[in-house]
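Reading the structure
Residues per chain are reported as follows:
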Amino acid sequence: MTRKNIPGTSPFEPIIGFSRAVRIGNHVHVSGTGPVGADAADVSEQTNRCLDLIATALKNAGSSVEHVYRTRMYLTHAADWEAVGHVHGEFFGQIRPAATMVVVAALLNPAWRIEIEADAWIPE
């Protein structure tokens, strides 16, 4: 299988040494995606920003949101679960990927309240 690294716009990519996404064969794994550029926004807007960045990475890898089969959401405030869940539900609609939502002590940027990972496939 071939491997293709998909760069993003995170300032942390060259520092940490990661890619926004990695495509291996017909699978795409999107790294934990924080709301870069929406640091001061509320958690709903931050969630939208994460999902938009993920959608761009998927497109650049040859996939799309419609092919996401798993997401992982990391929240810094448990009380945000409903707002985050609402945005996630609207974004994915009937796709309904397998999803995990956990609360963590902190994220890389202290202003971030959410970070999201996603896995998708590419139809042949």
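The structure under discussion appears in the preceding block.
Residues numbered from 1 in each chain as written. Predicted model: local features only at pLDDT ≥ 70, side-chain atom pairs only at ≥ 80, totals over all residues. Heavy atoms only, no water.

Brief notes about the sheet that holds strand β3 (residues 27-33)
Defined as follows: Here the rule is simple: two strands pair whenever DSSP picks up at least two bridges between them. For the purposes of this entry, the term helix denotes a DSSP run of H or I that reaches at least four residues, the term strand denotes a run of E that reaches at least two, and both are numbered from the N terminus. Every angle, taken between N-to-C directions, lies between 0 and 180 degrees, and every axis is a line fitted to C-alpha atoms, over only the stretch in contact when it is a helix.
Read from one edge of the open sheet, 6 strands run β1-β2-β3-β6-β4-β5, paired in mixed fashion. What marks the edges here is a single partner per strand, and that holds for β1 (3-6) and β5 (98-103). Direction aside, neighbouring strands of the sheet carry axes that sit 10° apart on average. Bridge analysis of strand β4 (residues 68-75) against β5 gives 6 bridges, and the strand direction is parallel.

Focus: the pattern of salt bridges
In plain terms, the rule: Only one rule defines a salt bridge in this text: a Lys or Arg side-chain nitrogen within 4 Å of an Asp or Glu carboxyl oxygen. Only protein chains enter the area calculation, which uses a 1.4 Å probe; residues under 20% of their type maximum are buried, those over 50% are exposed, and those in between are partly exposed.
Within this structure, the stated rule accounts for 4 salt bridges. A salt bridge links R72 to D119; the nearest nitrogen and oxygen atoms lie 2.9 Å apart. One end of the pair, R72, is in strand β4; the other, D119, is in strand β6 (residues 114-121), and 47 residues separate them in sequence. Accessibility assignment for this pair places R72 and D119 in one class, buried. With its nearest N and O atoms 2.8 Å apart, the salt bridge here joins D80 to R113.

Some remarks on the nonpolar core
To keep it simple, the criterion reads: The term nonpolar core refers to a set of buried residues drawn from Ala, Val, Leu, Ile, Met, Phe, Trp, Tyr and Cys, joined through side-chain atoms within 4.5 Å. Two residues qualify as a contact provided that any one of their heavy atoms is within 4.5 Å of a heavy atom in the partner residue.
Judged by nonpolar contacts, the single largest core of 23 residues is most densely connected at V28, V30, I54, L58, I114 and I116. Of all the secondary structure elements, the ones that give two or more residues to this core are β3, α2 (43-61), β4, α3 (81-92) and β6. No other element matches the 7 residues that α2 contributes to this core. Ignoring any residue separated from it by four or fewer positions in sequence, one finds L58 in contact with V28, V30, S63, S64, V65, V68 and A120.

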